[in-house]
Amino acid sequence: MEAKILETLHLEVDPRNPSPGAIAKAAGLLRSGALVAFPTETVYGLGANARDDGAVRRIFAAKGRPADNPLIVHVADPAEAERVAAGLPEVARLLMARFWPGPLTLVLPRREGISALVSAGLPTVAVRMPDHAAALALMRAAGVPVAAPSANLSGRPSPTSGAHVLADLAGRIEAVLDAGTCGQGIESTVLDLTADTPHLLRPGGVTAEDLARVLGREPACASGSAKSPGTRYRHYAPAIPVYLVEGDEERVREAARDLVRELAARGLSPAVLGTAENAACYGVPAVTYGAWNDAAALGRRLYAALRDLEQSGAGAIVVEGVAETGLGRAVMDRLRRAAGGRVIRV
Ligand code: TXA
Ligand code: MG
């Protein structure tokens, strides 16, 4: 079935001080069952009233998202999380007090009243309070919990600007609240609190080391895909192949240079996403991100760089991986998915 073409309202706001008029407009749309994309500190979300089955169903249609991949419910304060989840364990309260608002999503038992479609049939619900003034103002004005996946077409790189949202979803959603570029650029950490011990389902901005300071030790890593449906699908991928070179700093530079030469010889017009120090030396178009041990810098740029290099006319993207500590775990997780198996370990 052809999706109905909508006029997508573009509401531009100041990220720190969003205008009440724009917020009221977007909140009214959300309450009426419309889809409204909004900024968070991580990436843009595609929001709908989490208590409205019809609105939530439309999120899956607009993104082309598989119905078995559940959504995160966004709340404006910890008290609202109590109305979404059926009972919070003590550890959830400790984690909320330490990391909310912020990039930590908690998987908890689901409470009645939230659309079952949000949880894709699971008895659990994922909840987070984003650290962004426009997102919080929107949710307070709407007065409803907001189900929101990242606001990209399914499988594409997550959007870190209003322009990215419009590139993927213009004509498919009612509005985008555009506050410019997201500060962090990598999606939230997803932590499951419904098992005997906390399990990390997706690494993100709150690192395993951060969590250990509250939990007493690092969370277990969920193995297999049953617990984390989102990890089953290819993700974050631009339309051209991504090659990830990972390992020790020196060797990454040599291997990336050899790979660039080889791809160029095959007529593939490679471009590079690499450290400021190295990327200029490859002799091909490049986006740079700072240093090998600066995962935060790569995280902020990653999705925009993948989209920009795809648009640049390059035929392939060679990425220099970063050190896999702290935030580097989340960044390398996303890069491996974007590469979909084209990973060179050195
Ligand atoms: O930073 C973020 O988390 C962004 C912003 C918009 O908040 N949202 C985001 O949503 O990345 P999405 O839908 O792209 O990713 C949500 C992840 C998926 O891997 C999904 O499978 C998982 O969270 N998830 C959601 N609900 C779950 C549940 N009840 N149990 C296990 N995993 C769940
Ligand atoms: Mg996503």
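Note that the coordinates shown come from a computational prediction; the quantities given were computed from them, not determined experimentally. Here, residues in each chain are numbered from 1, in the same order as that chain's written sequence. Here chains are named by letter from A upward and ligands by number from 1 upward, in the order in which they appear as written. A pLDDT threshold of at least 70 governs which residues receive local features in this predicted model, and a stricter bar of 80 or more applies before side-chain atom pairs are shown or counted, although totals over entire chains, interfaces and linings include all residues. Side-chain measures here rest on the full set of heavy atoms in the structure, leaving out hydrogens and waters.

**Focus on the sheet that holds strand β12 (residues 242-246)**
Here is step 1 of the chain: A pair of strands is labelled paired if DSSP reports no fewer than 2 bridges between them. Note on conventions: DSSP H or I runs of at least 4 residues are helices, E runs of at least 2 residues are strands, and numbering of each starts at the N terminus. As summarised here, the arrangement of the five strands in space is β14-β13-β15-β12-β16, forming an open sheet in which the pairing is parallel. Looking at which strands have only one partner, the edges of the open sheet turn out to be β14 (286-288) and β16 (343-345). Across the sheet, the mean angle from the axis of one strand to that of its neighbour is 15°, orientation sign disregarded.
Here is step 2 of the chain: Here strand β13 (residues 270-274) pairs with strand β15 (residues 316-320) via four bridges, running parallel. Each residue of the ladder has a partner; that of L273, found in β15, is V319.
Here is step 3 of the chain: Against the sheet, helix α10 (residues 295-311) engages β12, β13, β14 and β15, with an angle of about 170° to β13. With axes taken as lines fitted to C-alpha atoms, and helix axes fitted only over the stretch in contact, angles between N-to-C directions fall between 0 and 180 degrees. Contacts: residue pairs with any heavy atoms within 4.5 Å of one another.

**Examining the environment of L138**
Here is step 1 of the chain: Examined against the element boundaries, L138 turns out to sit in helix α5 (residues 133-142).
Here is step 2 of the chain: Exposed residues in this analysis have more than 50% of their type's maximum accessible area, buried residues have under 20%, and partly exposed residues fall in between, with area computed by a 1.4 Å probe over protein chains only. On the basis of relative accessibility, which here comes to 1%, the residue L138 falls in the buried class.
Here is step 3 of the chain: Remark: the alpha-carbon pair of L138 and P18, spanning 120 residues in sequence, is separated by 9.3 Å.
Here is step 4 of the chain: Residues contacting L138, with those up to four places away along its chain left out, are I23, A26, A27, L30, F38 and L177.

**Some details on the nonpolar core**
Here is step 1 of the chain: Working definition of a nonpolar core: buried Ala, Val, Leu, Ile, Met, Phe, Trp, Tyr and Cys residues. They are joined through side-chain atoms within 4.5 Å. Counting 67 residues, the largest nonpolar core has L46, W100, L104, L106, L108, V118 and L177 as its most contacted members.
Here is step 2 of the chain: Excluding its chain neighbours within four sequence positions, the residues that come into contact with W100 are V75, P78, A81, L95, L106, V127, R128 and M129.
Here is step 3 of the chain: One finds Y236, A314, V319 and V331 within the second-largest nonpolar core, a separate group that totals 26 residues.

**A word on the pattern of salt bridges**
Here is step 1 of the chain: What makes a salt bridge here is a side-chain nitrogen of Lys or Arg within 4 Å of a carboxyl oxygen of Asp or Glu, nothing more. Following the criterion strictly, the structure yields 18 salt bridges and no others.
Here is step 2 of the chain: Between R266 and E262 there is a salt bridge, with its nearest N and O atoms 3.2 Å apart.
Here is step 3 of the chain: Assessed through its relative accessible area of 52%, R266 is described here as exposed.
Here is step 4 of the chain: Beyond isolated ion pairs, a larger network of salt bridges with shared partners links R156, D168, R307 and E310.

**Focus: the domain arrangement of the protein chain**
Here is step 1 of the chain: When its domains are assigned, the protein chain resolves into domain 1 (9-221) and domain 2 (242-345).
Here is step 2 of the chain: Contacts between the two partners involve 26 residues from domain 1 and, on the opposite side, 16 residues from domain 2.
Here is step 3 of the chain: Our count for the contact surface shared by domain 1 and domain 2 stands at four salt bridges.
Here is step 4 of the chain: Ionic pairing is found between R156 and E310, a salt bridge with its closest N-O pair at 2.7 Å.
Here is step 5 of the chain: Between N or O atoms, a polar contact is any pair within 3.5 Å; within protein, one atom must be a potential hydrogen donor and the other a potential acceptor, and residues adjacent in sequence are included only when both atoms are from side chains. Seen at the junction of domain 1 and domain 2, the total is eight residue pairs in polar contact (both at pLDDT 80 or more).
Here is step 6 of the chain: Residue assignment for the side of domain 1 that touches domain 2 shows that the elements contributing at least two residues are α6 (162-169), β10 (199-202) and α7 (208-215).
Here is step 7 of the chain: Element by element, the count of residues in the side of domain 1 that touches domain 2 is highest for α6, at three residues.
Here is step 8 of the chain: Each residue gets one label: Ala, Val, Leu, Ile, Met, Phe, Trp, Tyr, Cys and Pro are nonpolar, Asp, Glu, Lys and Arg are charged, and the others, such as Gly, are polar. Here the residues of the side of domain 1 that touches domain 2 sort into nine nonpolar, 11 polar and six charged. Start and end positions for the domains come from either an automated domain assignment or a database one.

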